[in-house]
Structures are given as structure tokens and as C-alpha cells.
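The residues making up each chain are set out below.
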Amino acid sequence: MAENEETEQPKPKRKIDWNTEKIMSSSALFISVISLIALLYQSYLAREENKLIQMQQSASVLPHLNQWYSDYNNLFTFVVGNKGVGPAFIEDVDITLEDTYEFNNTNDLFHHIFSTTKALDTIPYITSTLIEGFVLPANEKIDILEVRGSNNIKVLKEVLDTKSIVYKIKYRDVYGSEWLLSNENYNNRSETIPVSVKE
């Protein structure tokens, strides 16, 4: 080995001088990081709580439309009712008859059926219309068709059994959430329980 060749010596490790000032600044940094984590966690909890409160508020005003028939004491009625706890704001009514005729309200549907069906054209009936813009309050119902008399009711039922009527009623609650009541087949089953409409 040459004399002028320098031997490599390991560099001495840097020693941290833990004086009071460095301890204080490190502690402050650590506390800041912990505070930030706590703040983020609190924000997350607050968001979850807000979601829960919104769900509770929505449930407290939730409309629940349903459709049924009533045949009692020689009076037949075709009924749409709101069995929920809040008003239902009707957004859209879409009715298809025999896959051919389209209606946006129940009044026109029944006028068409009665006027174009020979067995019904002399039967007296009363209609009330369910249409876009209609508001159905909680625990209220609308009789969209009324027919009196046992013979008239018998004929009406026989005719309706031969008709294909598919309805879709879209409505919203006071918070703007949309719902759909329909007798249309979804996956080979009839969905007559309102379902949420997600945008």
C-alpha cells in the first residue's frame, strides 16, 4: 500500500443534541399531528351523524303510495292511497293499455275503456283523476273509479280481467326523494311496493 494513500475512515454518526428547544418543537409537531387526526375523525363522525339525522327526518315525512280494489255493499272502487306519514307529490303518471295506448292520467284511461268497450258503454261510472302535480296527503286516498250495482260490477270485473293495464306512478316526498309505484314486471315479479328512484 502506498504511503500517500489515505485510509478511509468511517464517518462519525451525527448525534442529535436533544436540548429543550428541540424537545419542545418535536412535541409541538407531534401534538399538531394528533390534533389533525382527531379533527378529521370528528368531521367524519359529524358527517355520519348528519346522514343519520337526514334519514330520520326523511322517515318522519315518508309517503307510501299503494293501489287496491274495494268491492263492498254494491260499490266497486279502484283506489290509490297514501299509507305513509307525509304527503306524496305526484311527479309523473304513465299508464299503458294493451301495450298500445298511453295515458298520463287515470281519468282519460277509464273514459277510453268505457267508451270503447261495448259491454261497458251503458254503465254509469264516476272518476277522479290522478295526474302530475296532484298532492295526496298522508292517510288519504283517491277513488279513481267508482261503479255501483252488482251486475255492473260483475261486467266491469270481467272486462278488466281481459285488459292489460301497466301503470307507473312516480312521486316525491317533501325532501325531494323520488319513489315509484308500479305493477310492471321486474325480473318476473310484480313490484307493487314503492321503490326508491335513484338518479
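Residues numbered from 1 in each chain as written. Predicted model: local features only at pLDDT ≥ 70, side-chain atom pairs only at ≥ 80, totals over all residues. Heavy atoms only, no water.

Colleague: What is the right way to read the pairing of strand β3 (residues 88-97) from this model?
Modeller: Regular strands have side chains that alternate between both faces of the sheet. Bridging between β3 and strand β6 (residues 135-136) involves 2 bridges; their strand directions are antiparallel. Bridging from a neighbouring strand, A88 pairs with L136 of β6. Where β3 lies against strand β8 (residues 165-172), 8 bridges are found, and the strand directions are antiparallel. Across the sheet, residue L97 finds its bridge partner in β8, namely I165. Sheet topology note: the β3/strand β4 (residues 101-103) ladder contains 3 bridges and is antiparallel. Within β4, the position partnered with T96 by the bridge is E102. Joining the antiparallel neighbours β3 and β4 is a turn of 3 residues, in which E98 adopts a positive phi near 55°. (Pairing = 2+ DSSP bridges. Helix = DSSP H or I, 4+ residues; strand = E, 2+ residues; numbered from the N terminus.)

Colleague: Quick question: what am I supposed to make of helix α2 (residues 106-116) here?
Modeller: Helical geometry: 3.6 residues make up each α-helical turn, so side chains three or four residues apart lie on a common side. Those residues of α2 lying buried are T106, L109, F110, H112, I113 and F114. Where α2 begins, the side chain of N105 points an oxygen toward the backbone nitrogen of N107, at a separation of 3.1 Å. (Buried < 20%, exposed > 50% of the residue type's maximum accessible area, 1.4 Å probe, protein only. Polar contact = N/O pair within 3.5 Å; in protein donor to acceptor, adjacent residues only side chain to side chain.)

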